[in-house]
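Working through the structure, step by step
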Amino acid sequence: MSSPFAGKRGLVLGVANKRSIAWAIAEELAGGGATLAFTYQGERIEKAVRGLAEPVGSPLVTECDVRSDEDIARAFSEVGEVFDGQLDLLVHSVAFAAAEDLEGRFADTPRDRFWLALDVSAYSLVACARAAEPLMEAAGGGSIMTMTYLGGERAVPHYNVMGVAKAALDSCVQYLAWDLGRKEIRINAVSAGPVRTLAARSIPRFGTMEEIVNERAPLHRPIAAADVAQAAAYLLSDASQNVTATTLYVDAGYHAMGM
Ligand code: NAD
Ligand code: 0WE
């Protein structure tokens, strides 16, 4: 099984740089023989994403701000063009909350920034799944995965509005699984422990959080993006053909602990 993704066509949302979880997943898929299109948010990171996508032979790198219905429609139409109207795999690895809402009190989150976090981090999955649906149906089915975090199920200090967004995202996975199941489209989530990405490094006290997990998780070790990528690859591959609407934890077992 050296080429589990041979002949598969995928779209990856959420690469910002080489440390992005989305990039680790892309490397795993491309290594398994998949052909991948990429979207990026904003000109600031375009060069980095093009630089990563080119060596893996990507036929498409295009801008997509997930807050924009027009961007999503254009990006998926371009994907349809390069992949003959078909798509097998979709990786959604996108989240955003205003930095000031990831410190201080959740109770102080203003209305506009509450909706911003839910728009980018949860609704975007619904919009992208809907846009992928006809392409995956044409391919005879497909597999979608997204990235979630324990902070959507329990209160993790400072995760705040992102936790509420992940709770919504987790629920979206379940409702989308029901809608898309009849079309042989599966959708699942990977719940990762703290991974040192760009988004993570800018979070105050991220180091302390990693230490807590290393001390309390059954496996007492940190999580690498590559570990997450292998779990994602399983959920995207035919090896998980009867698995949908689930969450796979890649957190060294931390989620099972009560203290
Ligand atoms: P990252 O910063 O590399 O990835 C986040 C991505 O979201 C970036 O590529 C960014 O461009 C994109 N994004 C933000 N706003 C967007 C918008 N409006 N339109 C389009 N794209 C937008 O960080 P990451 O840690 O790789 O995060 C990827 C996913 O993994 C997120 O859903 C995050 O919540 C989740 N996650 C991360 C960790 C962790 O510890 N790093 C743990 C569990 C889950
Ligand atoms: O989902 C995440 C982080 C996502 C994220 C990160 C940022 C940093 C930069 C969303 N929005 C932003 N906005 C920015 O301006 N994780 C699971 C990693 C994470 O973030 C935390 C965590 C963990 C774990 C924030 C507080 C507490 C724990």
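Our subject is the structure that appears above.
I will try to describe carefully the structure that is included in this document. If you're wondering where the values come from, they're calculated on a predicted model, not measured in any experiment. Along each chain, residues carry numbers from 1 onward, in the same order as the chain's sequence is written. Both sets of labels track the order of writing: A upward for chains, 1 upward for ligands. For a predicted model such as this one, the threshold for reporting local features is a pLDDT of at least 70, and the threshold for listing and counting side-chain atom pairs is 80 or more; totals across whole chains, interfaces and linings nevertheless cover every residue. Side-chain measures here rest on the full set of heavy atoms in the structure, leaving out hydrogens and waters.

Our next topic: the site of ligand 1. Proximity criterion: a residue is near a molecule or strand once any of its heavy atoms comes within 4 Å of it. Around ligand 1 lies a shell of 28 residues, among which Gly14, Ser20, Lys166, Val195 and Thr197 are the nearest. We define a polar contact as two N or O atoms separated by no more than 3.5 Å, with the added condition that, inside protein, one atom must be a possible hydrogen donor and the other a possible acceptor, whereas residues neighbouring each other in sequence contribute only through side-chain atom pairs. Interatomic distance of 3.0 Å between a side-chain N/O atom of Asp65 and a nitrogen atom of ligand 1. Here the Shrake-Rupley method, with its probe set to 1.4 Å, supplies the accessible areas, and only the displayed protein chains count as covering residues. Computed on the free molecule, ligand 1 has an accessible area of 810 Å², of which 91% lies beneath the protein chains in the complex. In this description a helix means any DSSP run of H or I spanning at least four residues, a strand means any run of E spanning at least two, and both kinds are numbered starting from the N terminus. Looking at the shell around ligand 1, the elements that each hand over two or more residues are β5 (142-148) and α6 (198-201). For the shell around ligand 1, the class distribution of residues is 18 nonpolar, seven polar and three charged. Each residue gets one of three labels, nonpolar for Ala, Val, Leu, Ile, Met, Phe, Trp, Tyr, Cys and Pro, charged for Asp, Glu, Lys and Arg, and polar for the others, Gly among them.

In this fold, Asn188 is placed in strand β6 (residues 185-192). Here's how the labels work: a residue is buried when its accessible area is under 20% of the maximum for its type, exposed when over 50%, partly exposed in between, all with a 1.4 Å probe on protein chains only. Here Asn188 falls in the buried class, since its relative accessible area comes to 0%. Of the polar contacts made by the side chain of Asn188, one reaches the backbone nitrogen of Ala245; its length is 3.1 Å. Here Asn188 is in contact with Ile144, Met145, Thr146, Val173, Leu235, Val243, Thr244, Ala245 and Thr246, once residues within four sequence places are set aside. Residue contacts are counted whenever heavy atoms from the two residues lie within 4.5 Å of one another.

So, on to the environment of Gly33. Locating Gly33 in the fold gives a position in the loop between α1 (21-31) and β2 (35-40). Using a relative accessible area of 33% as the deciding quantity, one classes Gly33 as partly exposed. Residues Gly33 and Ser3 lie 30 residues apart in sequence; the distance between their C-alpha atoms is 5.3 Å. If sequence neighbours within four positions are ignored, Gly33 has contacts with Phe5, Ala6 and Gly7.

Below, the discussion takes up the environment of Trp23. Within the element layout of this structure, Trp23 appears in helix α1. Distance from Trp23 to Ala98, taken between C-alpha atoms, is 23 Å for residues 75 residues apart in sequence. Not counting residues up to four positions away in its chain, the partners in contact with Trp23 are Val15, Asn17, Lys18, Phe38, Leu52 and Val56.

Before going further, it helps to examine the sheet that holds strand β7 (residues 247-250). In a beta sheet, neighbouring strands pair by backbone hydrogen bonds and run either parallel or antiparallel. When DSSP finds two or more bridges between two strands, those strands count as paired. Pairing is parallel in the open sheet, where seven strands are placed in the order β3-β2-β1-β4-β5-β6-β7. Each edge of the open sheet is held by one strand with a lone partner, namely β3 (60-63) and β7. On average, each strand axis in the sheet is tilted by 20 degrees relative to the strand beside it, whichever way the strands run. Of the strand pairs in this sheet, strand β1 (residues 9-13) and strand β4 (residues 89-92) are connected by four bridges, and their pairing is parallel. Bridge pairing in β4 links Leu11 to Leu90. This element, helix α2 (residues 43-53), spans β2 and β3 of the sheet and lies at about 165 degrees to β2. Interaxial angle, 0 to 180 degrees, is taken between N-to-C directions of lines fitted to C-alpha atoms, where a helix line uses only the stretch in contact. Along the sheet, helix α3 (residues 69-82) contacts β1, β2, β3 and β4; its crossing angle with β3, the most-contacted strand, is approximately 170 degrees.

For any pair of aromatic rings, geometry is given as the distance between the ring centres together with the angle between the planes. Ring pairs are drawn from Phe, Tyr and Trp, using the six-membered ring of Trp, whenever the two centres fall within 6.5 Å, and their geometry is named by plane angle: stacked under 30 degrees, edge-to-face over 60, tilted for the rest. In the structure shown here, the tally under the stated rule is three aromatic pairs. On the numbers, 6.0 Å between centres and 40 degrees between planes, the contact of Trp23 with Phe38 is tilted. In this pair, Trp23 sits in helix α1 while Phe38 sits in strand β2, placing the two residues 15 residues apart along the sequence. Residue Trp23 shares its accessibility class with Phe38, and that shared class is buried. Between Tyr149 and Tyr159, the aromatic rings sit 4.8 Å apart at their centres with planes inclined by 70 degrees, giving edge-to-face as the arrangement. Taken as a pair, Tyr149 in the loop between β5 and α5 (160-181) and Tyr159 in the loop between β5 and α5 lie far apart in primary sequence, ten residues in all.

Let's shift gears to the site of ligand 2. Within the structure, ligand 2 sits among Phe96, Ala97, Ala99, Leu102, Tyr149, Pro157, His158, Tyr159, Ala199, Ser202, Ile203 and Met209. Note that a nitrogen atom of ligand 2 is positioned 2.7 Å from one of the backbone N or O atoms of Ala97. Within the contact set of ligand 2, an oxygen atom lies 2.7 Å away from a side-chain nitrogen or oxygen of Tyr159. In the shell around ligand 2, the residues fall into ten nonpolar, two polar and no charged.

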